[in-house]
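Chain by chain, the residues:
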Amino acid sequence: MWSGDKQFSKRQFYSTKYSLKCHLQDDGGSYPGILRTRGGGVARNHADALTRLGCETKLISAIGNDRYGETLMSMCGHMDMSSILRVDDVQTATYLSVALKGNVLYGVTAIEPIVARLTSEVITSKEELIAEADAVVVDGNLTREALKTAIALAHHHQKFIWFDPADQSKVEKLFAAKSFELIDAISPNANEFDRLMGFQTAKDVHPLLSTIAETRGPEGVTWWQRKGEQYVKTKRPSPIDPKSVVSVSGAGDCLNCGYLAALLSGLSLEKCYKVADACARLSLQSLESVPDTITPDCLDKI
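An unreviewed UniProt entry lists the protein chain under the name Carbohydrate kinase PfkB domain-containing protein, with Steinernema carpocapsae as the source organism.

(A) Region of interest: the overall build of the protein chain. Helices and strands together make up the secondary structure of the protein chain, namely 11 helices and 13 strands. Radius of gyration (C-alpha) of the protein chain: 19 Å, near the 19 Å computed for a compact globule of 302 residues. Principal-axis analysis of the C-alpha atoms places the extent of the protein chain at approximately 55 × 45 × 40 Å. Sorting the 302 residues of the protein chain into buried and exposed places 51% on the buried side. For the protein chain, the exposed surface amounts to about 13900 Å²; the carbon and sulfur share of it is 50%.

(B) Summary view of the packing of helix α9 (residues 251–264) against helix α10 (residues 269–284). Relative orientation of the contacting elements α9 and α10 amounts to 150 degrees, with a least axis distance of 7 Å. Taken together, the axes of α9 and α10 lie roughly antiparallel to each other. As for how α9 packs across α10, the hand of that crossing is right-handed. Every residue of α10 that contacts α9 at Ala251, Cys254, Leu255, Gly258, Tyr259, Ala262 and Leu263 is listed here: Leu269, Cys272, Tyr273, Val275, Ala276, Asp277, Cys279, Ala280, Ser283 and Leu284. Class assignment for the residues of the contact of α9 with α10 results in 14 nonpolar, 2 polar and 1 charged.

(C) Local environment of the packing of helix α1 (residues 42–52) against α9. Viewed as axis vectors pointing N to C, α1 and α9 meet at an angle of 45 degrees, and their least axial separation amounts to 9 Å. Judged by the inter-axis angle, α1 sits oblique to α9. Of the two possible hands of crossing, α1 and α9 adopt the one that is right-handed. Only Asp253, Cys254, Asn256, Cys257, Leu260 and Ala261 of α9 make contact with α1, whose side of the interface consists of Val42, Asn45, His46, Ala49 and Leu50.

Calculation criteria
Residues numbered from 1 in each chain as written. Predicted model: local features only at pLDDT ≥ 70, side-chain atom pairs only at ≥ 80, totals over all residues. Heavy atoms only, no water. Helix = DSSP H or I, 4+ residues; strand = E, 2+ residues; numbered from the N terminus. Rg over C-alpha atoms; globule rule 2.2 N^0.38 Å. Buried < 20%, exposed > 50% of the residue type's maximum accessible area, 1.4 Å probe, protein only. Areas by Shrake-Rupley, 256 points an atom, 1.4 Å probe, with all protein chains shown as cover. Axes fitted to C-alpha atoms, helices over the stretch in contact; angles between N-to-C directions. Parallel < 35°, antiparallel > 145°, perpendicular 65-115°, else oblique. Left-handed = near helix turned anticlockwise from the far one by under 90°. Contact = heavy atoms within 4.5 Å. Nonpolar A, V, L, I, M, F, W, Y, C, P; charged D, E, K, R; others polar.

Here is the structure:
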């Protein structure tokens, strides 16, 4: 079960090997590269990866009745999009990113108007889906009230709750919504983890928070697992040589889904890590955020 806030088409610039001889400058010039339009977004990526891993997944989100929305729907034919809210007067959320050597230099977003349509009332109307799920994934792009509602409903129905901050500026939403102590897992990147530690410390043990997946780019991922009254830290290296990375976009989302799918399948903790690494590796080797090379075999061959 996926409970997120959005999905959006993503247009990204990739520099070619030839253009790497040039240095990108803030000079109004044009540089050779590759333009791609693809499905993206924290919520959509997780729903996509979980679906490809063989999990029955429903995406709760909103998109506009526009060209971007139609393009996105055509890209997601393999997913259950029946719980999507279609909006006439607001465009589908979009994100433009510029990447060099696989790493995003910066991005420009147009997200907030469509996110505002995912109100607490909309989330509440999907309570039956939440009640039937084994796990609920929520990301920080939701408004504070919608986030609070989603987590409260999932907690009420005793579901495993995974929270992805989506951006370092949105970490505090979880605390503003007074929902931090209701989640079971959180997946911040290094910057989001630092922001998280501004509110809590790794020594603070909460009854439900069992897992922290701190992604650290080329350094790999640090897993924090609750053991009794403390958290035990496990560092795992990058699943791929950083020099071989094609694109980092979506890799963290795929890592989360590999771990969660393995966990729900009853695999051991070590195998959960291995499946997570395998899914992240496939994403890092692809221009797609969630490549079609992610399949249930990622679980079976570990």
